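Each chain is listed here by its residues.
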Amino acid sequence: MPCALTDLYRYPIVQAPMAGGASTPALAAAVSEAGGLGFLAAGYKTPEAMYEEIKQIRSLTDRPFGVNLFMPQPSVADPAAVEVYREQLAGEAAWYETPLGDTDCGTDDAYDAKLAILADDPVPAVSFTFGCPSRAVFETFARVGTATVVTATSAAEAQAAQWSGADAVCVQGIEAGGHQSTHRDDPHADGTGAGFGLLALITQVQETVQIPVIAAGGLMRGAQIASVLAAGAVAAQLGTAFMVCPESGAHTLHKRALTDPVFVRTELTRAFSGRPARGLVNRFMREHGPYAPAAYPQLHFLTSGLRKAAAKAGDPQGMALWAGQGHRLARELPAGQLVEVLVAELESARGALAEGSVAGAGGSSGRHASHGSGHGVRAAHRSQGEVV
């Protein structure tokens, strides 16, 4: 049987797997060493590169860690739409003096080969993005003692994860940076009203499934972690908060942009990858986002060279600056120290809530209603005590 998810960490803080270079063995190891749960991102990597990173993190820590996999994607892109977008990007290619990428690179991200490695040489936890594996996959990981997590953006997706045999579900609110981890990319759902806020989503999922819930989306402070724990989550997953840590592999320009007043807001865009992803609004997003087709991972490969050339040229206006809505709250601390700060903030928030509910108990009858709510919060906090 796999280990219980809550046995894998001392503190309910999970470092999000950030594909594209930000998640490194050093970052994941530092988080795990500090009592959280660090994750490696296998997305966009070869099976060999994934295995090499697993060996590296094992040399850095003996604490539990996880590996995230991308699910294979159906070939639904319209080749004609992709070619039109290629023509639109011709000016970018000329400006950065780099060719546009080949879009015929496959859509499975070497999924089966990565599964085989993780089944043969198990890791403590494996999570999945962009879909839900078959029951047979979960049964394989259960036999080797690996805890499994599926990322979901709706109650229906969480139900599918539970039915298939996942040990836990990571619910991703619309506030989250990077790609929205929907199981099906529906371009008709694009727009400002798409997706659920994290607290609303936690409640919907809590009333739908019985497996543990990890909360993700815009979380940057310990008080926010306290809120999602009180709402019923067993842990909070943070990505943008760890991106600026020195152990992160994110580009220096990306790290700097998170708190640069030049970048005032985030939006969901298909401009860089063909799939909705939240990032800092820059020139590339404004000029090309409205015309980008639903074509993932084809557009990811198409724009890969442009993004690298922009970074090399020191131009953040041409980079994919993935960021959650709380990006301005980023703190440039070593990952282990950031975990310590978050834990201290979490305990402080819990203490303040407990004191407030106790004070409410001694008030007038007009305050008794709020005491009842506070009692519920304390009960939720006590239920989380075992995982902290």
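The sections below set out a description of the structure shown in this document.

Reading the values: rules and limits
- Residues numbered from 1 in each chain as written.
- Predicted model: local features only at pLDDT ≥ 70, side-chain atom pairs only at ≥ 80, totals over all residues.
- Heavy atoms only, no water.
- Helix = DSSP H or I, 4+ residues; strand = E, 2+ residues; numbered from the N terminus.
- Rg over C-alpha atoms; globule rule 2.2 N^0.38 Å.
- Buried < 20%, exposed > 50% of the residue type's maximum accessible area, 1.4 Å probe, protein only.
- Contact = heavy atoms within 4.5 Å.
- Areas by Shrake-Rupley, 256 points an atom, 1.4 Å probe, with all protein chains shown as cover.
- Lys, Arg positive; Asp, Glu negative; His and termini not counted.
- Charge placed at Lys NZ, Arg CZ, Asp CG, Glu CD.
- Pairing = 2+ DSSP bridges.
- Axes fitted to C-alpha atoms, helices over the stretch in contact; angles between N-to-C directions.
- Right-handed = clockwise from strand over helix to strand, strands pointing away.
- Core = buried A, V, L, I, M, F, W, Y, C linked by side-chain atoms within 4.5 Å.
- Phe/Tyr/Trp six-rings, centres within 6.5 Å; stacked < 30°, edge-to-face > 60°.
- 1 Å grid on protein atoms, 1.4 Å probe; cavity = no way out; pocket = protein on both sides within 12 Å on 5 of 7 lines; lining within 4 Å.
- Points joined across faces, edges and corners; volume = space filled by probe spheres on them.
- Nonpolar A, V, L, I, M, F, W, Y, C, P; charged D, E, K, R; others polar.

## With respect to the overall build of the protein
Then, in step 1: Along its length, the protein carries 15 helices and eleven strands.
Then, in step 2: Taken against the 2.2 N^0.38 rule, which gives 21 Å for 388 residues, the C-alpha radius of gyration of the protein at 21 Å falls within 12% of a compact globule.
Then, in step 3: By principal-axis analysis of the C-alpha atoms, the protein measures approximately 70 × 45 × 40 Å.
Then, in step 4: In the protein, buried positions account for 54% of the 388 residues.
Then, in step 5: Taking as baseline every contact in the protein between residues at least 6 positions apart, the subset at least 24 positions apart corresponds to 69%.
Then, in step 6: Taken as a whole, the protein presents about 16100 Å² of accessible surface, with 54% of it coming from carbon and sulfur.
Then, in step 7: The positive charge centre, built from 28 side chains, and the negative charge centre, built from 37, are 6 Å apart in the protein.

## Here's the deal with the sheet that holds strand β3 (residues 65–70)
Then, in step 1: Strand order in the open sheet made by the eight strands is β1-β9-β8-β6-β5-β4-β3-β2, with parallel pairing throughout. Strand pairing shows two members of the sheet lacking a second neighbour, β1 (13–15) and β2 (38–41), which therefore form its edges. The sheet shows a mean angle of 25° between the axes of neighbouring strands, taken without regard to direction.
Then, in step 2: The pairing of strand β5 (residues 147–152) with strand β6 (residues 168–172) spans four bridges and is parallel. Paired with alanine 152 across the strands is valine 171, a residue of β6.

## A short note on the pairing of strand β11 (residues 277–280)
Then, in step 1: Here strand β7 (residues 178–179) runs beside β11; their pairing, made up of two bridges, is antiparallel. Across the sheet, the residue bridging to glycine 178 is arginine 278, located in β11.
Then, in step 2: Bridging between strand β10 (residues 266–269) and β11 involves four bridges; their strand directions are antiparallel. Considered in β11, the bridge of leucine 268 is made with arginine 278.

## Regarding the pairing of β5
Then, in step 1: Along β5, six of the six residues are buried, which leaves the element largely enclosed by surrounding structure.
Then, in step 2: The two faces of β5 match: Ala147, Val149 and Thr151 on one face and Thr148, Val150 and Ala152 on the other face are all buried.
Then, in step 3: Both strand β4 (residues 125–129) and β5 contribute to a ladder of four bridges, which runs parallel. Each bridged residue has a counterpart across the sheet, and for serine 127 the counterpart in β5 is valine 149.
Then, in step 4: This β-α-β element, β4 to helix α6 (residues 135–143) to β5, shows right-handed connectivity.
Then, in step 5: One crossover worth recording links β5 to the parallel β6 by way of helix α7 (residues 155–164), and it is right-handed.

## Considering the nonpolar core
Then, in step 1: Core analysis: the largest hydrophobic core is formed by 73 residues, its most contacted members being Leu238 and Phe242.
Then, in step 2: No other element matches the seven residues that helix α14 (residues 335–361) contributes to this core.
Then, in step 3: Discounting residues that sit within four places of it in the chain, leucine 238 has contacts with Ile13, Val14, Gln15, Ala16, Leu219, Met220, Ile225 and Leu342.
Then, in step 4: Core analysis: the second largest hydrophobic core is formed by 23 residues, Ala28, Met50, Val67 and Leu69 among them.

## Examining the sheet that holds β10
Then, in step 1: With antiparallel pairing, the three strands of this open sheet are ordered in space as β7-β11-β10. For this open sheet the edge positions go to β7 and β10, each flanked by a neighbour on one side alone.

## Concerning unusual backbone geometry
Then, in step 1: Residue proline 297 follows tyrosine 296 across a cis peptide bond; omega there is 5°.
Then, in step 2: Mapping proline 297 onto the fold places it in the loop between α12 (283–288) and α13 (298–312).
Then, in step 3: With a phi close to 55°, glutamate 97 is a non-glycine residue in the positive phi region.
Then, in step 4: Looking at the secondary structure, you find glutamate 97 in the loop between α4 (90–96) and α5 (111–120).
Then, in step 5: What makes glutamate 97 exposed here is its relative accessible area of 73%.
Then, in step 6: Unusually for a residue other than glycine, aspartate 109 sits at a positive phi of about 50°.
Then, in step 7: Residue placement: aspartate 109 occurs in the loop between α4 and α5.

## Concerning the packing of aromatic side chains
Then, in step 1: Under the criterion given, the structure shown has seven aromatic pairs.
Then, in step 2: Between phenylalanine 130 and tyrosine 296, the ring centres sit 5.3 Å apart and the planes meet at 65°, which makes this aromatic pair edge-to-face. Here phenylalanine 130 is found in the loop between β4 and α6, whereas its partner tyrosine 296 is found in the loop between α12 and α13, with 166 residues between them in sequence.
Then, in step 3: Under the relative-accessibility criterion, tyrosine 296 is labelled buried at 8%.
Then, in step 4: Pairing phenylalanine 272 with phenylalanine 284 gives two aromatic rings, centres 4.7 Å apart and planes at 20°, and the pair type is stacked. Here phenylalanine 272 is found in the loop between β10 and β11, whereas its partner phenylalanine 284 is found in helix α12, with twelve residues between them in sequence. This pair shows no difference in class: phenylalanine 272 is buried, exactly as phenylalanine 284 is.
Then, in step 5: What links up through ring pairs into an aromatic cluster is the set Tyr44, Phe70, Phe130 and Tyr296.

## Examining the layout of surface pockets
Then, in step 1: Approximately 650 Å³ is the volume attributed to the second largest pocket.
Then, in step 2: Lining the second largest pocket are 28 residues, and of these Ala189, Asp190, Gly191, Ala194 and Leu268 lie nearest its centre.
Then, in step 3: In terms of residue count, the dominant contributor to the lining of the second largest pocket is β10 (four residues).
Then, in step 4: A per-class count over the lining of the second largest pocket returns eight nonpolar, twelve polar and eight charged.

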